[in-house]
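Residue-level structure breakdown
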Amino acid sequence: RFGVFKKLVRNYRGPISVSLWIRDDEFKDQHFQALHDFYESEPLLKQYVDVHVVVDRFDFQLNMWRNVARLFARTDYFMLLDVDFHICTDLRKHLQESPEAMQLLRDGNALVLPAFEYTSEEDGVDSATFPVEKHAVEALVNDKKLMAFHSAKFVPGHGASDYPRWYKSDEIYKVTTFNHKYEPYVVLKKEGSPWCDERFVGYGANKAACLYEIYISGVDYYVLPGDFLIHQSHAYLESKRSGGRKLNAELYAAFRDELCFRYARAMYFADELDSPKAANMKSQCSTLKGFKAALEDFPKMWPTTSPPSINDPLSESSVEEEEEEEEEGGEEEGEEEEGGVATPPMRKKARRSRL
């Protein structure tokens, strides 16, 4: 993907934090040499790109790679972007010139860029031919040469962006039909947003899980009216992708249940269950069996104001209580809980100017 990434850098010309995986095997040194040659071949890479190399023997730890790129991003805001997507507009300039967009980001919301793909893979190879204006996108869609990304295979993945509304809109609008399979490309605040869960390995559900947790944590999604992405066509082996999909689907179902109770409990201790922050969590979790009853029982289960860590399955107080019960000879049974490219549009003030 070096060629595709070089196109992204030349087009974006802004700070980029990228994770790159090299398998720890007998070909490792050859791959490092190829990376070195690639980095030396393009001056813009040295100017804009921080490369973070992950060396291990584990395939497709996509969420871990996303976290690495985000961790080392030098900006206040970042974009979760796959390397094969082309930013067709001057995104950074548009954000800088939009007080509404910047205020939404400062308030902790996420901004969505609609994604497209060509109906013919041959048309999607050369990003130099991609449209740069919204009206040109709509014309190509009407001519059936361009379509919403994965709209022919997996509508829930991007359907909540509401493409019919996007074609007509010249204002930012809120995503109102979020679903747990929604996986748009978003710009959001680096500090305070949940990290991608690294239990997901292989293809399937990894990005959806990341965006789902961000959403139920209280982050609302808003669609930008004039910016968009287009997928750059490339060959890949479907056999490498199919293996993890079934396992990740099962993991994702359990993961959503876990998140609902984990965030509900954390918001209870923070006295936020009746606040706007809890609205997304309630909308996604209210149909879960036993969820509403659990909310009603929280005051009986945890009659304390001491907030537990959102990542720990048990609060400190409940752990102490269980230890006391064991010392007294109690035999109660308990349940155990299961435990890319970041393309940032703006610089941190502490290191350089914000934009």
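Look up: the structure comes first, before these words.
Residues numbered from 1 in each chain as written. Predicted model: local features only at pLDDT ≥ 70, side-chain atom pairs only at ≥ 80, totals over all residues. Heavy atoms only, no water.

1. As for the pattern of salt bridges
The condition is simple: Just to be clear on terms, a salt bridge is a Lys or Arg side-chain nitrogen sitting within 4 Å of an Asp or Glu carboxyl oxygen. The secondary structure listing takes helices from DSSP runs of H or I that are at least 4 residues long and strands from runs of E that are at least 2 residues long, numbered from the N terminus. Each residue is placed in one exposure class: buried if its accessible area under a 1.4 Å probe, protein chains only, is under 20% of its type's maximum, exposed if it is over 50%, and partly exposed if it falls in between.
Enumeration according to the criterion identifies 15 salt bridges in this entry. One salt bridge connects Arg74 with Asp50, and the closest N-O pair in it is separated by 2.7 Å. Of this pair, Arg74 sits in the loop between helix 4 (62–71) and strand 3 (77–81) while Asp50 sits in strand 2 (residues 49–56); the two residues are 24 residues apart in sequence, bridging distant segments of the chain. You can call Arg74 partly exposed: its relative accessible area is 34%. Salt-bridge contacts for Asp297 lead to Lys300; the nearest nitrogen and oxygen are separated by 4.0 Å. On the criterion of helical spacing, the pair formed by Asp297 and Lys300 is a turn pair, its members being three residues apart in helix 13 (residues 291–301). For Asp297, a relative accessible area of 32% puts it in the partly exposed group. When its relative accessible area of 69% is taken as the criterion, Lys300 is described as exposed. Residues joined in a network through salt bridges with shared partners are Asp197, Arg199, Glu213, Glu258 and Arg262.

2. Regarding the pairing of strand 5 (residues 110–113)
Our working definition: Two strands make a pair as long as DSSP finds a minimum of two bridges between them.
Side chains Ala110 and Val112 project from strand 5 onto one buried face, and the interleaved Leu111 and Leu113 project onto a second face that is buried too. As judged from the three bridges shared by strand 5 and strand 10 (residues 221–223), these two strands associate in the parallel manner. In the sheet register, Ala110 faces strand 10, and the bridge partner there is Tyr221. In this structure, strand 5 lies alongside strand 9 (residues 185–189), joined through three bridges in antiparallel fashion. Along strand 9, the bridge assignment pairs Leu111 with Val187.

3. Concerning the state of the cysteines
Short version of the rule: Here, the term disulfide refers to a pair of cysteine sulfur atoms separated by no more than 2.5 Å.
One pass over the full model with this rule turns up two disulfides. Paired by a disulfide, Cys196 and Cys210 hold their sulfur atoms 2.1 Å apart. Measuring the twist about the S-S bond at about -55 degrees, one finds the Cys196-Cys210 disulfide to be left-handed. With Cys196 in the loop between strand 9 and helix 9 (206–216) and Cys210 in helix 9, the pair connects residues that are 14 residues apart, well separated along the chain. Across the pair, exposure class does not vary: Cys196 and Cys210 are buried alike. Each sulfur of the disulfide joining Cys260 and Cys285 lies 2.0 Å from the other. Measuring handedness by torsion sign, the sulfur bridge of Cys260 and Cys285 sits at about -85 degrees and is left-handed. On the criterion of sequence distance, the pair formed by Cys260 in helix 11 (residues 245–269) and Cys285 in helix 12 (residues 279–285) is long-range, its members being 25 residues apart. Under the relative-accessibility criterion, Cys285 is labelled buried at 0%. Look at the protein and number its bonded cysteines as they come in the sequence; the links are 1-2, 3-4.

Function cannot be read off these values alone, since they describe shape.
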